[in-house]
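A look at the structure
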Amino acid sequence: MYKREEAVSPVIGVILMVAITVILAAVIAAFVFGMAGNVQKTKNVAFTVERSSASTTTIIVTSQGGKDSADLQSTLISIDGAAGSAGPTTIGTYKFAGPASATAKSKVVVTATFKDGSKQVVVDTTV
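Now for a description of the structure that goes with this document. (Residues numbered from 1 in each chain as written. Predicted model: local features only at pLDDT ≥ 70, side-chain atom pairs only at ≥ 80, totals over all residues. Heavy atoms only, no water.)

What follows covers a nonpolar patch on the surface. Taken together, the side chains of Met17, Ile20, Leu24, Ile28, Val32 and Phe33 define a hydrophobic patch exposed on the protein surface, amounting to about 660 Å² of accessible area. Of note, Met17 is situated in helix H1 (residues 9-35). (Patch = residues over 30% accessible without salt bridge, like charges linked within 9 Å, V, L, I, M, F, W, Y side chains within 5 Å. Areas by Shrake-Rupley, 256 points an atom, 1.4 Å probe, with all protein chains shown as cover. Salt bridge = Lys/Arg side-chain N within 4 Å of Asp/Glu carboxyl O. Helix = DSSP H or I, 4+ residues; strand = E, 2+ residues; numbered from the N terminus.)

So, on to the environment of Ser118. Secondary-structure assignment places Ser118 in the loop between strand S6 (107-114) and strand S7 (119-126). Along the chain, Ser118 and Lys43 lie 75 residues apart, while their C-alpha atoms are 9.2 Å from each other. A polar atom in the side chain of Ser118 sits 2.7 Å from the side chain of Asp116. (Polar contact = N/O pair within 3.5 Å; in protein donor to acceptor, adjacent residues only side chain to side chain.)

As enumerated under the stated definition, the model contains 0 aromatic pairs in all. Seen from the ring of Phe114, Lys43 lies directly overhead, with NZ or CZ sitting 5.6 Å from the centre. (Phe/Tyr/Trp six-rings, centres within 6.5 Å; stacked < 30°, edge-to-face > 60°. Lys NZ or Arg CZ within 6 Å of the ring centre and 35° of its normal.)

Within the secondary structure, Ser63 sits in strand S2 (residues 58-65). If we ignore the near neighbours within four places in the chain, the residues touching Ser63 are Ala46, Phe47, Pro88, Thr90, Ile91 and Gly92. (Contact = heavy atoms within 4.5 Å.)

Scanning the model with the defined rule gives 2 salt bridges in all. Residues Lys43 and Asp116 are paired through a salt bridge, measuring 3.0 Å at the closest nitrogen-oxygen approach. Taken together, the residues Lys43 in the loop between H1 and strand S1 (46-51) and Asp116 in the loop between S6 and S7 connect sequence positions 73 residues apart. With a closest N to O distance of 2.5 Å, Asp124 and Lys107 form a salt bridge. Taken together, the residues span a long stretch of sequence, with Asp124 in strand S7 and Lys107 in strand S6 at a distance of 17 residues. With relative accessibility at 48%, the residue Asp124 sits in the partly exposed group. (Buried < 20%, exposed > 50% of the residue type's maximum accessible area, 1.4 Å probe, protein only.)

With antiparallel pairing, the 3 strands of this open sheet are ordered in space as S1-S2-S5. Each edge of the open sheet carries a strand with a single partner, namely S1 and strand S5 (92-97). Neighbour-to-neighbour, the strand axes of the sheet open up by a mean angle of 20°, direction not taken into account. As paired elements, S2 and S5 share 6 bridges and run antiparallel to each other. For Val61, the partnering residue across the bridge sits in S5 and is Tyr94. (Pairing = 2+ DSSP bridges. Axes fitted to C-alpha atoms, helices over the stretch in contact; angles between N-to-C directions.)

Another point: the environment of Thr90. In this structure, Thr90 sits in the loop between strand S4 (82-86) and S5. When the C-alpha positions of Thr90 and Ser74 are compared, they lie 9.3 Å apart, and in sequence the two are 16 residues distant.

This brings us to the nonpolar core. Within the largest apolar cluster, 16 residues are counted, with the highest numbers of intra-cluster contacts made by Phe47, Val61, Val108 and Val110. At the level of elements, S1, S2, strand S3 (72-79), S6 and S7 are the ones that each hand at least two residues to this core. When neighbours within four sequence positions are excluded, Val110 is seen to be in contact with Phe47, Val61, Thr75, Leu76, Ile77, Gln120, Val121, Val122 and Val123. (Core = buried A, V, L, I, M, F, W, Y, C linked by side-chain atoms within 4.5 Å.)

So this is what it looks like as structure tokens:
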């Protein structure tokens, strides 16, 4: 005459504990990923670097433009660690002295500074 009925409370309790754990994980993830919102956006500008076909000791840096090229304030071009060369801030081609040897490779790094004060390496290559 007696039916054995299991209580539903333990099942509901487990479901509630899982739900609370998922909600807490979502809140913690929102805080963690929200802190990454202060990271600066990458600017979109294009530069090419090549050796001159006329003189293999000349390096040519060309600004190709890009979505953020209007915000470009200045560029710094480093050739083999010697920084300080002024580079293109508008679309155009600029020539710089490369290595004395025509067969030597040069490491060229172009760093752009934008109107909002941010800096970004736009080229890091060897030619």
